[in-house]
Amino acid sequence: MAEIRLTRIEQGQTKIRNVPIAVTPDGFWCCPSPVVFQKTLKSQNPLNKPKSSSPTPPETTVQKKQIPLTEKKPMTTPIRPAVTSDDRRTFTPDNPGISAPIVPERAPRPKVEHVPRKVAIEFGEPGTSDMKVILLGKQGFCVKLNVHKKVLLEHSSFFTDKLSEQESGLSCLEIDDCEDVEIYVETLGLMYCKELKQRLIKQSVSRVLRILKIAELLGFNSCIQSRLEYLEAVPWVGEEEEEKVVSSVLQLQGEGIGVTPVLKRISSDVSNPPNDTISHIMDLVLKSNEERGRREMKSVVLKLLRENNSLPSYAGLADICNETVYTSCRSCLDSLLSLFKRAAEPEFTDKPIDTKEPVVKQIALEADNLSWLLEILADRQAADEFALMWASQQDLATLHPKLPIVSRYHVSCITARLFVGIGKGELLPVKDTRQLLLQTWLQPLINDYSWLQHGCRSFDRKVVEEGIGRTILTLPLEDQQSILIAWLGSFLKAGDNCPNLQKAFEVWWRRTFIRPYADAEGNVLQSDSSMTSKQ
């Protein structure tokens, strides 16, 4: 907290601006709008600039500013002169037609740029107050507040401590280096207000946080509590504002200050395991039959889980979440196999459309759910087990050709995504799993390839073909040969309706027919060099 001390404003150093105020029945002065402070601060800047050749416009401006003062206060009341000290000085006007406040502006004075000055605003009624608080802000900005000791002692533990350290007859305190003079003024004014809550209506969160900071410094507990109640009720707009609120509230150290209601918005006392919550959310998304809502929420949950993956504190919960995802995967696979068996029955094709359509839609839904779960696992680098689960679905692959292509092609999207993941290194399944995956699902993918290109907007042919080729090339050379020779037969028959694996074919060709000769030549050279070294 800034230092409090006795003050005496040096003569000729301060320009005091009396601001028209309205005093409430509680004795509370209406704090000025920020514009008052901004205009007052701006009025300092011209002091360092050469004056205009004609002094008439400034005189006119001063006269306009003084009009409300003469209306609000009778001229019989002494008006604080523009250049003043604690001992009042009286100036005789050069022109009796001009009011007293204007006289100092016209009086002869040295050049402004060579005279250090402070610009000040004064609040309160000097005649009824028994104490003065002077706030010194940045750039020499000064605010004088005519207050009452009783009010300060009643509401502020800070002023209570400081006044007890000083002599009993002290009538003036100064607070140096105030960072936020405007809020100091409002906070001191709030000590005169009985209904603090009413003063919060239409206040911005940022301004309330500024008041909260000053109230804490002054030990103004009733103000702190009212501000906390406001923050508990008002919406926080945006992450930045939420972080500011939480940071400000956590810094409150006073005893008896209830910050818990505010912090409950971001933390919970209920011990609800994270995996239970995530599992419940996933079940709601996976079982939704509303296409648009399901699609949007899948995107949102996937994005949020990706954000969680980047947090070090989330590492301990990763395994729990993975188990939840794999539980959902098994449920979807069981449902998909049951639907395939139902759709593969001979009499299913003869059933009416109203009976077949729900089954076809449910197959598409379960396949889309599995694709979404695979994306989650791939982001978490935990999809190797999924690759094994999918490669082991021989029963599903056997039923695949028995269904119309329009009903089954969604399943091939899962196979394509696995090949892309392996090709990019997102999945690292063991050799047996890669081999089983190609053996079980490459031919069904080739059978659906034409439909995938034209009926699936998210299908990227080049990416999928590169993923298939790279997956094949991770196998032993003899396995590469058997798979690529089988592919060649399909490609020569189907052409563009079959994946183009020419790049993988070329790599296999060079490995098989070109590099063995180079290796043999290298072995000969190595043996020759070893014979020479022995000699």
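Data block above holds the structure.
Along each chain, the written sequence defines residue order, and numbers are assigned to residues from 1. With the structure being a predicted model, the display of local features is reserved for residues of pLDDT at least 70 and the display and counting of side-chain atom pairs for 80 or more, all residues being used for whole-chain, interface and lining totals. The side-chain values count all of the structure's non-hydrogen atoms but skip hydrogen atoms and water molecules.

S.K.: Honestly, the state of the cysteines in this entry has me stumped. Any pointers?
M.R.: A covalent bond bridging the sulfur atoms of two cysteines is what the word disulfide describes. When two cysteine sulfur atoms are found within 2.5 Å, that pair is recorded as a disulfide. Under the definition given, this model contains zero disulfides. With no disulfide of its own, Cys 456 lies closest to Cys 413 among cysteine sulfurs, the gap being 3.9 Å.

S.K.: Even after reading the chapter, I still don't get a negative patch on the surface, so can you show me in this structure?
M.R.: Among the surface-exposed residues, Glu 239, Glu 242, Glu 243 and Glu 307 lie close enough to one another that they form a single negatively charged patch. Numbering of helices and strands runs from the N terminus; a helix is a DSSP stretch of H or I covering at least four residues, while a strand is a stretch of E covering at least two. Per element, the largest residue contribution to the negative patch is three residues, and it comes from helix 9 (residues 238-250). Mapped onto the secondary structure, Glu 307 falls in helix 12 (residues 291-309). A patch is a set of surface residues, each over 30% in relative accessible area and not in a salt bridge, joined within 9 Å for like charges and within 5 Å for the nonpolar side chains Val, Leu, Ile, Met, Phe, Trp and Tyr. Per-residue and other accessible areas were derived by the Shrake-Rupley procedure at a 1.4 Å probe size, with only the shown protein chains allowed to occlude residues. Criterion for a salt bridge: a side-chain nitrogen of Lys or Arg within 4 Å of a carboxyl oxygen of Asp or Glu. When charges are tallied, Lys and Arg are placed among the positive residues and Asp and Glu among the negative ones, while His and the ends of the chain are skipped. Lysine's charge is taken at NZ, arginine's at CZ, aspartate's at CG and glutamate's at CD.

S.K.: Teacher, can you tell me more about the environment of Glu 465 here?
M.R.: By the secondary structure assignment, Glu 465 is in helix 20 (residues 461-473). Sequence-wise, Glu 465 and Ala 416 are 49 residues apart; in three dimensions their C-alpha atoms are separated by 8.8 Å. Between two residues, a contact is recorded if the distance between any of their heavy atoms is within 4.5 Å. Leaving out residues up to four positions away in the same chain, Glu 465 has contacts with Tyr 449, Cys 498, Pro 499, Asn 500 and Leu 501.

S.K.: In this structure, what is going on with the packing of aromatic side chains? I would like to understand it.
M.R.: Two descriptors summarise a pair of aromatic rings, namely the distance from one centre to the other and the angle between the planes of the rings. Two aromatic rings from Phe, Tyr or Trp, using only the six-membered ring of Trp, form a pair when their centres are within 6.5 Å; if the ring planes differ by under 30 degrees the pair is stacked, by over 60 it is edge-to-face, and anything between is tilted. The full count for this structure, using the stated rule, is 11 aromatic pairs. When the ring of Tyr 449 is compared with that of Phe 459, the centres are 5.5 Å apart and the planes differ by 85 degrees; the resulting orientation is edge-to-face. In this pair, Tyr 449 sits in helix 19 (residues 449-455) while Phe 459 sits in the loop between helix 19 and helix 20, placing the two residues 10 residues apart along the sequence. Each residue is assigned to one of three classes by its accessible area relative to the maximum for its type, calculated with a 1.4 Å probe on protein chains only: buried under 20%, partly exposed between the two thresholds, exposed over 50%. On the basis of relative accessibility, which here comes to 0%, the residue Tyr 449 falls in the buried class. On the accessibility criterion, Phe 459 (14% relative accessible area) is buried. Between Trp 487 and Phe 505 the ring centres are 6.1 Å apart and the planes differ by 45 degrees, which places this aromatic pair in the tilted class. One end of the pair, Trp 487, is in helix 21 (residues 477-494); the other, Phe 505, is in helix 22 (residues 502-534), with 18 residues separating them in the sequence. The residues Trp 487 and Phe 505 share a single accessibility class, namely buried. Through a chain of ring-to-ring contacts, three or more aromatic side chains come together here, namely Trp 487, Phe 491, Phe 505, Trp 508, Trp 509 and Phe 513. Placement of a charge over a ring requires the Lys NZ or Arg CZ to be within 6 Å of the ring centre, with the centre-to-atom vector within 35 degrees of the ring normal. Sitting over the ring of Trp 236, Arg 265 keeps its end group 4.0 Å from the ring centre.

S.K.: What exactly am I supposed to notice about helix 7 (residues 205-218) here?
M.R.: Residues spaced three or four apart along an α-helix face the same direction, because each turn holds 3.6 residues. The terminal C-alpha atoms of helix 7 lie 20 Å apart, and with 14 residues this matches the ideal 20 Å at 1.5 Å per residue to within 8%. Residues of helix 7 that are buried: Val 205, Arg 207, Val 208, Leu 209, Ile 211, Leu 212, Ile 214, Ala 215 and Leu 218. Of the residues flanking the end of helix 7, it is Gly 219, one or two places downstream, whose phi is positive at about 65 degrees. One less than the residue count of a helix, multiplied by 1.5 Å, gives the span that helix is expected to have.

S.K.: Is there a simple way to think about the side chain of Asp 448 in this case?
M.R.: Structurally, Asp 448 is set in the loop between helix 18 (431-447) and helix 19. You can call Asp 448 buried: its relative accessible area is 0%. The term polar contact refers here to a pair of N or O atoms within 3.5 Å; inside protein, the definition further demands a hydrogen-donor-capable atom paired with an acceptor-capable atom, and it admits residues adjacent in sequence only when both atoms are side-chain atoms. There is a polar contact of 2.7 Å between the side chain of Asp 448 and the side chain of His 400. A distance of 2.6 Å separates polar atoms of two side chains, one belonging to Asp 448 and the other to Ser 412.

S.K.: Looking at this model, I keep getting lost on the pairing of strand 4 (residues 131-136). Mind explaining?
M.R.: Side-chain positions along a regular strand alternate between the two faces of the sheet. Across the six residues that make up strand 4, a large majority, six, are buried. Of the two faces of strand 4, both are covered, the one formed by Met 131, Val 133 and Leu 135 as well as the one formed by Lys 132, Ile 134 and Leu 136. Only strands joined by at least two bridges in the DSSP assignment are considered to pair. By the bridge criterion, six bridges tie strand 4 to strand 5 (residues 141-147) in an arrangement that is antiparallel. Residue pairing for strand 5: Met 131 is matched across the bridge by Val 147. Bridge count between strand 4 and strand 6 (residues 172-175): four bridges; the pairing is parallel. Bridge pairing in strand 6 links Lys 132 to Cys 172.

S.K.: Help me understand the packing of helix 17 (residues 405-424) against helix 18, please; the structure alone is not making it clear to me.
M.R.: Helix packing geometry: the angle between the two helix axes and the distance between the axes. Taken N-terminus to C-terminus, the directions of helix 17 and helix 18 make an angle of 140 degrees; their axes are 9 Å apart at the nearest point. It follows that helix 17 is oblique to helix 18 by the angle criterion. Regarding helix 17 and helix 18, the two cross each other, and that crossing is left-handed. Packed against helix 17, whose contacting residues are Ile 405, Arg 408, Val 411, Ser 412, Thr 415, Ala 416, Leu 418, Phe 419 and Ile 422, the element helix 18 presents Arg 434, Leu 437, Leu 438, Trp 441, Leu 442, Pro 444, Leu 445 and Asn 447 at the interface. Every axis in this analysis is a line fitted to C-alpha atoms, fitted for helices over the stretch in contact. Angles between the N-to-C directions lie between 0 and 180 degrees. Roughly parallel means an angle under 35 degrees; roughly antiparallel means over 145; roughly perpendicular covers 65 to 115; every other angle is labelled oblique. Crossing chirality is assigned from the near helix's rotation relative to the far helix, an anticlockwise turn below a right angle marking it left-handed and a clockwise turn marking it right-handed.

S.K.: Is there a simple way to think about the environment of Ala 367 in this case?
M.R.: Inspection of the secondary structure assignment puts Ala 367 in helix 14 (residues 353-379). For Ala 367, a relative accessible area of 1% gives the class buried. Once the C-alpha coordinates of Ala 367 and Cys 332 are considered, the two residues, 35 residues apart in sequence, prove to be 7.9 Å apart.

S.K.: Teacher, can you tell me more about the packing of helix 18 against helix 21 here?
M.R.: Packing of helix 18 against helix 21 leaves a shortest axis separation of 12 Å and a crossing angle of 5 degrees. By the angle between their directions, the pair helix 18 and helix 21 is classed as roughly parallel. Along the contact surface, helix 18 presents Gln 435, Leu 438, Leu 442, Gln 443 and Ile 446, while helix 21 presents Asp 479, Ile 483 and Ser 490. Split by residue class, the contact of helix 18 with helix 21 holds four nonpolar, three polar and one charged. Residues are grouped as follows: Ala, Val, Leu, Ile, Met, Phe, Trp, Tyr, Cys and Pro are nonpolar; Asp, Glu, Lys and Arg are charged; all remaining types, including Gly, are polar.

S.K.: I keep staring at the nonpolar core and nothing clicks. Help me out?
M.R.: Side chains that are nonpolar tend, in soluble globular proteins, to be buried together. Grouping buried Ala, Val, Leu, Ile, Met, Phe, Trp, Tyr and Cys residues that are joined through side-chain atoms within 4.5 Å yields what is termed a nonpolar core. Among the nonpolar cores identified, the biggest contains 73 residues, and Leu 370, Trp 372, Phe 386 and Trp 390 are the most heavily contacted of them. Take this core: its biggest share by element is 11 residues, from helix 13 (residues 318-343). Those residues in contact with Leu 370 that lie beyond four places of it in its chain are Cys 329, Cys 332, Leu 333, Leu 336, Phe 386, Trp 390 and Ile 414. If you look at the next biggest cluster of nonpolar residues, it comprises 53 residues, including Val 205, Ala 215, Val 245 and Val 246.

S.K.: For this particular structure, what's the right way to read a nonpolar patch on the surface?
M.R.: Taken together, the side chains of Met 297, Val 300 and Leu 304 present a nonpolar region at the surface, about 230 Å² in accessible area. Within the secondary structure, Leu 304 is located in helix 12.

S.K.: Would you take a moment to explain the pattern of salt bridges for this structure?
M.R.: Any two side chains of opposite charge can pair, so long as their charged atoms come close to each other. In this structure the tally under the stated criterion is 19 salt bridges. When the shortest N-O distance is used, the salt bridge between Arg 207 and Glu 182 registers 2.8 Å. Here Arg 207 is found in helix 7, whereas its partner Glu 182 is found in helix 6 (residues 181-190), with 25 residues between them in sequence. The partner of Arg 417 in a salt bridge is Glu 375, with the nearest N and O atoms 2.5 Å apart.

S.K.: Hey, could you run me through helix 20 in this one?
M.R.: Taking 1.5 Å of rise per residue, the 13 residues of helix 20 would be expected to cover 18 Å, and the 18 Å separating its terminal C-alpha atoms lies within 8% of that figure. The opening residue of helix 20 is Asp 460, an N-cap whose side-chain oxygen sits 3.3 Å from the backbone nitrogen of Lys 462.

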